[in-house]
Amino acid sequence: MHTLIRSLPATSAACLLVLLFATTALAGYPNRSISLVTPYGAGGSSDLAARSLAASAPAYLGQPVVVINKGGAGGVLGTTYVNRSRADGYTMLMGRIGSNCLVPALNTSIAYAWDDFTFIGLVELNPFVFVVRADSPYLTLDDLVQAIKAHPGTINYSTSGPQSLLALGTQMLLDQAGLDARATTGIPYKGGGNAATALLGGHVDFLGINLGPVFDQIKAGKLRALAITTKERFEQLPDVPTVNECGYPGLESVVGWSALLGPKKMPKPAADAWRNALLKVADDPQWRQRARQVGAIPNVLPADQTKAFIQNQYEMYKALGTKHGLIIK
C-alpha cells in the first residue's frame, strides 16, 4: 500500500490517504462520543426526546451521546448546522415536524430541503390536542367551532409562530370545519411553553398544541382537552374524545413527531450502526416509559418508512400553505 501511494501523483495520493483513514475510522464506528443536536431550547418536546434517546442509545452504540441545544429561527439554525456538518456520524439531529417539515414546506428561502438528510428512523409521535381553560364555556370541540362560526374574528388562540404546528393545526381545524382562515386570530408567542402559559393566564381563548407541554395541566384539571388526534383514546386521558369522534377524522394527520437524522450522504457503516441501535432502543422498557411520562407515543420506524412518512407530512402542509397563501419565497 505504501509503495502504491508513493507511485501516485501528489493529489491522487492525498485523496487515497483521506479515503484510507476515513474507511479505517468508520470500521470502528463509533469510537468516540456523538453529538445529538436538538434545534430547539431546553425543556421542549425536541429536547426531551433527544435526552431520552441519549440516555438509552449508548448501551447499544458503546459510546456516549451528548445532547446539544442549538435553538433559533424556528429550529432552522440547529438543523442547518447539522445539514452542513461533516457526514461522519458524529453529529446527529433530533429532527422535528417544525424544523424538518413545516419550515421546508412553507419557506423556500432556507438552506436545506426536507430530504437533505440521511434518514435513520422515526422515534416518537406527539399527539396534538385542542385545549381551553378549565373555566372556559366551551365544553366540547363542537362548542368551540360553533362559537367561532357565530362570532368570526373575535375568538383568539396562541401559537409559537405562523409556520408552527400550533398555528397550522388550528388552520387545519378551520379548514375542515369550512371556516375562513381569518375566522379566528392567532397570537404568536415565543415557543409552545409560552403559548400554553398565555392560555393559562386567560390571554387567549384556546390552543392547539402537542400534548407534552400541557399534559400535566390537563391531568391537574387546569386545562380542559376538547379533542386529541390519536386514532384511539389516549390511555392516560381516557375521557378526552378523539378528533374522529368529534367529526374531524382528517385531523388525525396533525401530529408532532421526532425523527433521528444525519447529514446527507452519511456513510453506510455509521448509518447502519444508528439504525440498529434505534431498533434496540425501541424495545427498551425504560426508554418507552420515559416517552409516555411526557405524553409521547414510542413509534420507531425504519429509515424507508420514516422518509415516506415525512414526505407525506411535507406534502400535506405544503398544500395547506399554498391554499392559504402561507408560502414564503
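Scroll up to find the structure.
These numbers were taken from a predicted model, which means no experiment stands behind them.

J.: Just give me the short version of the nonpolar core, but keep the residues and values in it.
T.: Membership of the largest hydrophobic core comes to 54 residues, with the highest contact counts inside it found for Leu-141, Leu-144, Ile-148, Leu-251, Trp-257 and Tyr-317. Mapped by element, the contributors of at least two residues to this core are α5 (76-83), α6 (97-106), β4 (117-133), α7 (141-150), α8 (165-176), β8 (223-228), β9 (255-263) and α13 (303-323). Per-element tally for this core: the top contributor is β4, with 7 residues. What Tyr-317 contacts, discounting residues up to four positions off in sequence, is Ile-97, Cys-101, Leu-102, Ala-105, Leu-106, Leu-165, Leu-168, Ser-253, Val-254 and Val-255. Ranked by size, the runner-up nonpolar core spans 26 residues in total, among them Ala-54, Val-65, Ile-120 and Trp-274.

J.: Residue-level account of the side chain of Ser-99, with values.
T.: Within the secondary structure layout, Ser-99 lies in helix α6. Residue Ser-99 is classed as buried on the basis of its relative accessible area, which comes to 0%.

J.: Report on the environment of Arg-275, specifying residues and quantitative values.
T.: Here Arg-275 lies in helix α11 (residues 268-281). According to the relative accessible area criterion, Arg-275 is partly exposed, its value standing at 26%. Arg-275 sits 26 residues away from Leu-301 along the chain, and the two C-alpha atoms are 9.6 Å apart. Those residues in contact with Arg-275 that sit more than four places away from it in its chain are Thr-118, Phe-119, Ile-120 and Ala-303. Within the structure, Arg-275 has its side chain in polar contact with the backbone oxygen of Phe-119 (distance 2.8 Å).

J.: Give a description of α13 that names residues and reports values.
T.: The terminal C-alpha atoms of α13, which comprises 21 residues, lie 30 Å apart, in line with the 30 Å expected from a rise of 1.5 Å per residue. Buried residues belonging to α13 abut α6, β4, α8, β9, α11 and β10 (297-301).

J.: Got a sec to walk through the pattern of salt bridges? Specific residues and values, please.
T.: One pass over the full model with this rule turns up 11 salt bridges. Salt-bridge contacts for Asp-175 lead to Lys-323; the nearest nitrogen and oxygen are separated by 2.7 Å. In this pair, Asp-175 sits in helix α8 while Lys-323 sits in helix α13, placing the two residues 148 residues apart along the sequence. Between Asp-272 and Arg-275 there is a salt bridge; the shortest N-O distance is 3.6 Å. Of the two residues, Asp-272 and Arg-275 are both situated in helix α11; the distance of 3 residues between them amounts to about one turn of the helix. Overall, the relative accessible area of 23% leaves Asp-272 in the partly exposed class.

J.: Before we move on, can you summarise unusual backbone geometry with the specific residues and values?
T.: Residues Tyr-29 and Pro-30 are joined by a peptide bond in cis, for which omega reads -10°. Residue position: Pro-30 is located in the loop between α2 (10-27) and β1 (34-38). Of note in the backbone geometry, Ala-73 takes a positive phi value of approximately 55° without being a glycine. Note on placement: Ala-73 falls in the loop between β2 (65-69) and α5. A positive phi is found at Lys-265, a non-glycine position, where the angle reads about 65°. Mapped onto the fold, Lys-265 is located in the loop between β9 and α11.

Basis of the calculations
Residues numbered from 1 in each chain as written. Predicted model: local features only at pLDDT ≥ 70, side-chain atom pairs only at ≥ 80, totals over all residues. Heavy atoms only, no water. Core = buried A, V, L, I, M, F, W, Y, C linked by side-chain atoms within 4.5 Å. Buried < 20%, exposed > 50% of the residue type's maximum accessible area, 1.4 Å probe, protein only. Helix = DSSP H or I, 4+ residues; strand = E, 2+ residues; numbered from the N terminus. Contact = heavy atoms within 4.5 Å. Polar contact = N/O pair within 3.5 Å; in protein donor to acceptor, adjacent residues only side chain to side chain. Expected span 1.5 Å × (residues − 1). Salt bridge = Lys/Arg side-chain N within 4 Å of Asp/Glu carboxyl O.

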